[in-house]
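Tertiary structure, described
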Amino acid sequence: MTTARNAIGDLYPSRLSSQAASFGRPHPTTWGSTPGPFTADALSRYDAKGFHIEEGLLTPAQIQHCWSEVERLSADPELAKTELIVRERGSDTVRSIFAVHEVSPLIDKLIRTPRILDRARQILGSDVYIHQSRINCMPGFAGTGFYWHSDFETWHAEDGMPVPRAVSLSIALTDNYPFNGGLMLMPGAHRTFVPCVGQTPENNYKSSLQEQRIGVPSEDAITELAYEFGIEQFTGQAGSALFFDSNSMHGSSNNITPYPRANIFLVFNSVDNVLEQPFAGTKPRPEHLGSRDFTPLTPITGSPFA
Ligand code: 6CS
Ligand code: FE
């Protein structure tokens, strides 16, 4: 049974039976005036584009620490038996590892380091908690991409996230090139909400995390956005990072090179935007995809790598 709200109760109706027009999002991108590490200029560019690239957020040595965590988690036989591990379709290759902040003490500290936590608070104008964390491995030759989508469309429809007051941080664990699946984004398209056609199937996440077919914009909508906003790409050395708005239109292509494109994704949601019931899903997705622990994150002092 799909729990779609009526249009009055849902400002972002999607998973509809017929195509509806895209519309301007009624909510801001940056919220309030919480001080933080972003300069006023960087914050206004984030507001306009919906994303910000921070070169060298982590040092090569710190990336090495994270990479050994990825190898430990990928090889953990207990973890392998859980739904936290998502494999590439038709193979054993690890595609994603979810809830990494819950199974890695290092990443649990990383999310609380001020240069990360304070940036999320500054963008969202409030205390924050982790809605979802994951590592996307996109290994060489075998890593398949992610078709164009808005994360918020899924989090709204299937997790019950009320409004797009969330920000994702993608930290490159390997060099991200244009040719090994670097994330593509449409600058400014985050201000447009694209309703999608198609009812959410039961347990959709069991297939959508390998290949998303529901909650995907039409080719016409993607074409319109691409011609209006263009496409930019997040590329950079390991350690560089991308902050992007929950409603950014983004995607990545398959990786047919030998160079893995592995990234940690940390999704910060405002404590003023906690999950309700899914707006167009079935039952709420498991908590490793949409956390219902809304405890605000408190900063750590000192380095998570110490
Ligand atoms: O369903 C989700 O939550 C995930 N799906 C995609 C394609 N990106 C965001 C998130 O990891
Ligand atoms: Fe995504």
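Rules of the game
- Residues numbered from 1 in each chain as written.
- Chains lettered and ligands numbered in written order.
- Predicted model: local features only at pLDDT ≥ 70, side-chain atom pairs only at ≥ 80, totals over all residues.
- Heavy atoms only, no water.
- UniProt positions renumbered as here; feature names shortened; annotations may be inferred.
- Helix = DSSP H or I, 4+ residues; strand = E, 2+ residues; numbered from the N terminus.
- Buried < 20%, exposed > 50% of the residue type's maximum accessible area, 1.4 Å probe, protein only.
- Donors = N, O, S within 2.8 Å, 3.2 Å for Na, K, Ca; no water.
- Tetrahedral: all angles 85-135°; square planar, octahedral: opposite > 155°, others 65-115°.

Per an unreviewed UniProt entry, the chain carries the name Ectoine hydroxylase and comes from Hoyosella subflava. According to its UniProt record, the chain has this under Catalytic activity (unreviewed entry): "L-ectoine + 2-oxoglutarate + O2 = 5-hydroxyectoine + succinate + CO2". For the record of the chain, the UniProt heading Cofactor (unreviewed entry) holds the text "Fe(2+)".

1. Considerations on unusual backbone geometry
The backbone phi angle of Met138 is positive, close to 30°, even though this residue is not glycine. Here Met138 lies in the loop between strand E5 (128-136) and strand E6 (146-150). On the accessibility criterion, Met138 (2% relative accessible area) is buried. Phi is positive for Phe141, which is not a glycine, with a value near 65°. Mapped onto the elements, Phe141 comes out in the loop between E5 and E6. Look at Phe141 and you get exposed, because its relative accessible area is 60%.

2. With respect to the coordination of the iron ion (ligand 2)
Donor atoms from the polypeptide that bind the iron ion (ligand 2) are His149 (NE2), Asp151 (OD) and His250 (NE2), placed at 2.1 to 2.3 Å. Given 4 donor atoms and angles of 81 to 175° at the metal, the environment of the iron ion (ligand 2) is assigned as irregular. Written as a sequence motif, the donor arrangement for the iron ion (ligand 2) is H-x1-D-x98-H. There is no split in this pair, since His149 and Asp151 are both buried.

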